[in-house]
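Structural description and commentary
Given next are the chains, with one letter for each unit.
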Amino acid sequence: MKYKKCPRCNLNYVVEAQNFCEICQLEMSGKSTNFDPIEWDFCPFCEKNRLENGEEICKKCREKRQKNTSFDDI
Ligand SMILES: [Zn+2]
Ligand SMILES: [Zn+2]
């Protein structure tokens, strides 16, 4: 069987007869299995780190702000 790279994710190999890899097929059908269904709040400043226990800013950003005095306190 011939294999090609999945044109969507460019990561997984798929049988040439198939259009997309299984993961992309699942994602496109809205049934992604490896996606965490829990909705996390993300830090609005870096938009990368999760917020814990109702925090409004992640630890890293908070540290940054404490160090960087040129930032005005909001
Ligand atoms: Zn894919
Ligand atoms: Zn942050």
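Reading guide: rules and limits
- Residues numbered from 1 in each chain as written.
- Chains lettered and ligands numbered in written order.
- Predicted model: local features only at pLDDT ≥ 70, side-chain atom pairs only at ≥ 80, totals over all residues.
- Helix = DSSP H or I, 4+ residues; strand = E, 2+ residues; numbered from the N terminus.
- Buried ≥ 20, exposed ≤ 12 C-beta atoms within 10 Å, placed from the backbone.
- Contact = placed C-beta atoms within 7 Å.
- pLDDT = per-residue confidence, 0-100.

Moving on, we get to the overall build of the protein chain. Across its full length, the protein chain carries 2 helices and 2 strands. Taken from the N to the C terminus, the helices and strands of the protein chain come in the order β-β-α-α. Relative to its full complement of 74 residues, the protein chain shows a buried share of 5%. Across the protein chain, contacts joining residues at least 24 apart in sequence account for 0% of those joining residues at least 6 apart.

Residue-level pLDDT values for the protein chain average 83, and 78% of them are 70 or greater. Across the protein chain, the secondary-structure element scoring lowest on mean pLDDT is helix H1 (residues 22-28), at 89, and the one scoring highest is strand S1 (residues 3-5), at 95.

Next up on the list: the environment of Cys61. One can find Cys61 in helix H2 (residues 59-67). It is 9.1 Å that separates the C-alpha atoms of Cys61 and Asn49, two residues lying 12 residues apart in sequence. When neighbours within four sequence positions are excluded, Cys61 is seen to be in contact with Cys43, Phe45 and Cys46.

Positionally, Arg62 belongs in helix H2. C-alpha separation for the pair Arg62 and Phe45, spaced 17 residues apart in sequence, amounts to 9.6 Å.

Attention shifts here to unusual backbone geometry. With the exception of glycine, most residues fall at negative phi, and the peptide bonds are largely trans. A positive phi is found at Asn10, a non-glycine position, where the angle reads about 60 degrees. Relative to the helices and strands, Asn10 is located in the loop between S1 and strand S2 (13-15). Positive phi, normally seen in glycine, also occurs at Glu47, with a value near 55 degrees. Residue position: Glu47 is located in the loop between H1 and H2.

Position of Glu52 among the secondary structure elements: in the loop between H1 and H2. Owing to 10 C-beta atoms within 10 Å, Glu52 belongs among the exposed residues under this scheme. C-alpha of Glu52 to C-alpha of Phe42: the two residues are 10 residues apart in sequence and 9.0 Å apart in space.

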